[in-house]
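# Coordinates in review
Take a look at the letters that make up each chain.
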Amino acid sequence: MSSQQLSFKDQVVVVTGAGGGLGKVYALEYAKRGAKVVVNDLGGTLGGSGQNSKAADVVVDEIKSKYNGTAVANYDSVNENGANIIKTAIDNFGKIDILINNAGILRDVSFNKMSEKEFQAVIDVHLNGAFQLTHAAWPYMKAQKFGRIINTASPAGLFGNFGQANYSAAKLGLVGLAETLAKEGFKYNILVNSIAPLARSRMTENVLPPHILKQLGPEKIAPLVLFLTHHSTKVTNSIFELAAGFYGQIRWERSSGQIFNPNVNSFTPEAILNKWDAITDFNDKPFNKTQHPNQLSDYNDLITKAKKL
Ligand code: NAD
């Protein structure tokens, strides 16, 4: 890929939760590069209560006054009226090219004390919100044979984090959603990726020390999001981890594993115990040589090998 300026002229972008934090930086960056942007934000608190149109309005005003760009505000909740956010793009700009599923809330509490309501509220905004928008955008992207979608996951979703059972479940759910959409969308040139960022925002300002926060500018996240959603990119079905100027990729890894004799008597807990080292060995090649799988395995190979035992 050449190093020419990546333009988003005439591209229509929806950024959810773009009234502040990461989403605001994305919206400004797309607009500066010529995109028409729907700036969605419910304008509530970090915990998801209340609403205020000011958050989205301020960003739209900045896009228009500072950058002479094109943007329209939308104040819907992603999980209550997600389809209407896509409709805002269609009504104002006639299409939808790029969708950044970014809106989010936190209800951090240790699992023992977490109520079902706290669990559900976080799943609703992150995961159901992404579903509603993507489901509404999908037919347009499919028909025009072009779409770029980013799901915002989190290191907490990939690795788990104390006090974030709701959030980490939602965030890994977004990765699974993206992986399936990448497969279903590929033949229509709809490319779907997940990012797991760490950045300074109201989500992190009270949990990380100031010297770390200083390095975590949200403007360090936007470049990868723009790159992944440019019409020239071919990247799909991938997960990226990024923070403070680091950009890397995360992938699954399969151990070498152990194939047991299909004789039913061989499938015992004791047999598992005896072969535990092989089952969990990451240093040797796995049964089908796919060490870093990104799709369902072809288990024919496994069955053939097992039959020979
Ligand atoms: P933020 O709180 O500044 O931004 C989230 C935005 O989403 C807010 O402006 C909020 O009003 C909006 N929002 C919340 N619920 C909404 C709803 N129902 N409908 C529409 N808008 C809604 O925080 P941020 O750090 O910029 O977070 C952006 C995304 O990045 C989130 O999905 C977050 O989980 C994710 N993330 C952030 C970090 C980080 O370090 N900041 C790390 C991992 C993942």
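Higher on the page you've got the structure.
Residues numbered from 1 in each chain as written. Predicted model: local features only at pLDDT ≥ 70, side-chain atom pairs only at ≥ 80, totals over all residues. Heavy atoms only, no water.

Glancing now at the packing of helix 4 (residues 116-144) against helix 6 (residues 165-185). Interhelical geometry of helix 4 versus helix 6 gives an angle of 15 degrees and a closest axis separation of 8 Å. By the criterion of interaxial angle, the relationship of helix 4 to helix 6 is roughly parallel. When the axes of helix 4 and helix 6 are compared, the crossing they make is right-handed. Taking contact as the criterion, the partners of Glu118, Phe119, Val122, Ile123, His126, Leu127, Ala130, Phe131, Thr134 and Trp138 in helix 4 are, on helix 6, Ala165, Asn166, Tyr167, Ala169, Ala170, Lys171, Gly173, Leu174, Leu177, Leu181, Glu184 and Gly185. Residues belonging to the contact of helix 4 with helix 6 are distributed by class as follows: 14 nonpolar, five polar and three charged. (Axes fitted to C-alpha atoms, helices over the stretch in contact; angles between N-to-C directions. Helix = DSSP H or I, 4+ residues; strand = E, 2+ residues; numbered from the N terminus. Parallel < 35°, antiparallel > 145°, perpendicular 65-115°, else oblique. Left-handed = near helix turned anticlockwise from the far one by under 90°. Contact = heavy atoms within 4.5 Å. Nonpolar A, V, L, I, M, F, W, Y, C, P; charged D, E, K, R; others polar.)

With that settled, consider the layout of surface pockets. By volume, the largest pocket is sized at about 1,100 Å³. In terms of lining, the largest pocket is formed by 50 residues, of which the most central are Leu46, Gly104, Ile105, Leu106 and Met203. Put simply, the parts of the chain that give the lining of the largest pocket at least two residues each are helix 1 (21-32), helix 3 (78-93), helix 4, helix 5 (155-159), helix 6 and strand 6 (190-198). Of the residues belonging to the lining of the largest pocket, the class tally is 21 nonpolar, 22 polar and seven charged. Roughly 260 Å³ of internal volume is contained in the second largest pocket. Taken together, 13 residues make up the lining of the second largest pocket; nearest its centre are Asn237, Arg251, Trp252, Pro293 and Asn294. (1 Å grid on protein atoms, 1.4 Å probe; cavity = no way out; pocket = protein on both sides within 12 Å on 5 of 7 lines; lining within 4 Å. Points joined across faces, edges and corners; volume = space filled by probe spheres on them.)

Another aspect to go through is the site of the ligand. The full set close to the ligand counts 31 residues, and Asp41, Asn102, Tyr167, Ala199 and Ser201 are the nearest of them. Separating a nitrogen atom of the ligand from a backbone N or O atom of Leu42 is a distance of 3.4 Å. Tyr167 has a polar side-chain atom sitting 2.5 Å from an oxygen atom of the ligand. When the ligand sits alone it has 810 Å² of accessible area, and the protein chains cover 96% of it. (Near = heavy atom within 4 Å. Polar contact = N/O pair within 3.5 Å; in protein donor to acceptor, adjacent residues only side chain to side chain. Areas by Shrake-Rupley, 256 points an atom, 1.4 Å probe, with all protein chains shown as cover.)

Here the focus is the environment of Gln295. Considering the arrangement of structural elements, one finds Gln295 in the loop between helix 10 (276-279) and helix 11 (300-307). Judged by its relative accessible area of 57%, Gln295 is exposed. Once the C-alpha coordinates of Gln295 and Asn151 are considered, the two residues, 144 residues apart in sequence, prove to be 18 Å apart. (Buried < 20%, exposed > 50% of the residue type's maximum accessible area, 1.4 Å probe, protein only.)

Below, the discussion takes up the pattern of salt bridges. Under the counting rule described, the total for this entry stands at seven salt bridges. The partner of Lys9 in a salt bridge is Asp10, and the shortest N-O contact between them spans 3.7 Å. Connected through shared salt-bridge partners, Lys24, Glu62 and Lys66 make up one network. (Salt bridge = Lys/Arg side-chain N within 4 Å of Asp/Glu carboxyl O.)

Within the structure shown, the criterion is met by one cavity of 30 Å³ or more. Its boundaries defined by the atoms lining it, the largest cavity holds a volume of some 80 Å³. In terms of lining residues, the largest cavity is bounded by 13 residues, among which Asn101, Asn102, Ala103, His126 and Ala130 are the most central. Counting only elements with at least two residues in the lining of the largest cavity, the list comes to helix 4 and helix 6. If you tally residues by element for the lining of the largest cavity, the top one is helix 4, at five residues. Taken together, the residues that form the lining of the largest cavity break down as six nonpolar, six polar and one charged.

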